[in-house]
Amino acid sequence: MDLHIRTLRPNEMRLAIDFAALEGWNPGLHDAACFHAADPEGFLIGEHEGKPVGCIAAVRYEAHFGFIGFYVVAPPWRGKGFGLKLWQAGMARLEGRVIGLDGVPAQQDNYRRSGFTLAWNNARFAGVARPAGQAVAGQIVPLSGVDFKLVRSDDRRVFPAARDEFLRAWVGMPDATGLAWMERKRLAGWGLIRKCREGHKIGPLVAESRDVAKSLYLALCRSVPVGDTVFLDVPLRNADAALLATSLGLQRVFETARMYAGATPACEIERVYGVTSFELG
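Residues numbered from 1 in each chain as written. Predicted model: local features only at pLDDT ≥ 70, side-chain atom pairs only at ≥ 80, totals over all residues. Heavy atoms only, no water.

A.B. asks: Before we go on, may I ask you to explain the layout of surface pockets in this structure?
C.D. replies: If you roll a probe as big as a water molecule over the atoms, it shows you where there is empty space left. One number sums up the size of the largest pocket: a volume of about 720 Å³. If you go around the largest pocket, you meet 26 residues; those closest to its centre are Trp-25, Tyr-71, Val-104, Gln-107 and Tyr-111. At the level of elements, β4 (65-73), α3 (82-93), β5 (98-103), α4 (108-113) and β12 (251-261) are the ones that each hand at least two residues to the lining of the largest pocket. When residues in the lining of the largest pocket are grouped by element, the largest group, 6 residues, is from β4. By residue class, the composition of the lining of the largest pocket is 13 nonpolar, 8 polar and 5 charged. (1 Å grid on protein atoms, 1.4 Å probe; cavity = no way out; pocket = protein on both sides within 12 Å on 5 of 7 lines; lining within 4 Å. Points joined across faces, edges and corners; volume = space filled by probe spheres on them. Helix = DSSP H or I, 4+ residues; strand = E, 2+ residues; numbered from the N terminus. Nonpolar A, V, L, I, M, F, W, Y, C, P; charged D, E, K, R; others polar.)

A.B. asks: Before we go on, may I ask you to explain helix α6 (residues 164-171) in this structure?
C.D. replies: Working note: α-helix, 3.6 residues per turn, so residues spaced by three or four point in the same direction. For α6, every residue scored as buried is listed here: Phe-166, Leu-167 and Trp-170. Taken down its axis, α6 places every buried residue within 95° of arc, on the same side. Each element contacted by the buried residues of α6 is listed here: α2 (31-38), α5 (148-158), β9 (186-195) and β10 (200-207). (Buried < 20%, exposed > 50% of the residue type's maximum accessible area, 1.4 Å probe, protein only. Arc of directions from axis to C-beta. Contact = heavy atoms within 4.5 Å.)

A.B. asks: What exactly am I supposed to notice about the packing of α2 against α6 here?
C.D. replies: Relative placement of two packed helices is described by the angle separating their axes and the distance separating the axes. The contact between α2 and α6 brings their axes to 7 Å, and the two run at 155°. Our classification of the angle between α2 and α6 gives roughly antiparallel. Seen from above, α2 lies across α6 with right-handed handedness. Between α2 and α6, the residues in contact are Asp-31, Cys-34, Phe-35, Ala-37 and Ala-38 and Glu-165, Phe-166, Ala-169 and Trp-170, respectively. Looking at side-chain class alone, the contact of α2 with α6 contains 7 nonpolar, no polar and 2 charged residues. (Axes fitted to C-alpha atoms, helices over the stretch in contact; angles between N-to-C directions. Parallel < 35°, antiparallel > 145°, perpendicular 65-115°, else oblique. Left-handed = near helix turned anticlockwise from the far one by under 90°.)

See the structure below:
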């Protein structure tokens, strides 16, 4: 069956969010727009007889890194070869780069056949926002007021490439709150909570210690209604992050496999207490 693959236009980014929601991934309401800012040509849509049937994101970061995400074919159109064609188009777009993805563990063998190897597992934890409690520590300030150079530099420690346009969009997205922990003029931790189809999701959550990460988590939760569902996506290779999630009473509800085609990029995973997004890294 014929499949026409083209680049998603900016006003069509809702399609990618809708496809992801079909899979129960619960992306943030404005996630796709931020990743579109990182690479405006990076989202591909597959159409059969003029109808959208699937999508894939193949987002480029600098000349050496890329990430596959939002890889979905709508259930009625599976088994017709559309997924393979989208996959081939996305991989071709990232040819020559180290490529990352977060896939469901059941698909690991398929990804291995495409040259991917497991780096670590991630787990999504879920709980509820706690009551306001004690006042926020004085070291915690709005992320929007922090020098962008500090955020950019710290993000570069935990992500394999510079992603300035993405970060600017992410920090400034609607329906979200970003906070940072400052030690005098040093950025010791930062995070953002954003509205999703269901509840709110925290990501990234980056900190130099579990105590800083916990303080930021609790402060971020205070920005949403008490009792609302909160999700935190944790890289299980960081044992402190998993311990923090369980100590906060969060329950594991979902798991993904972080895999790379090419050498696993160096990053300070011990600083990552919350992954930005399973859909795109």
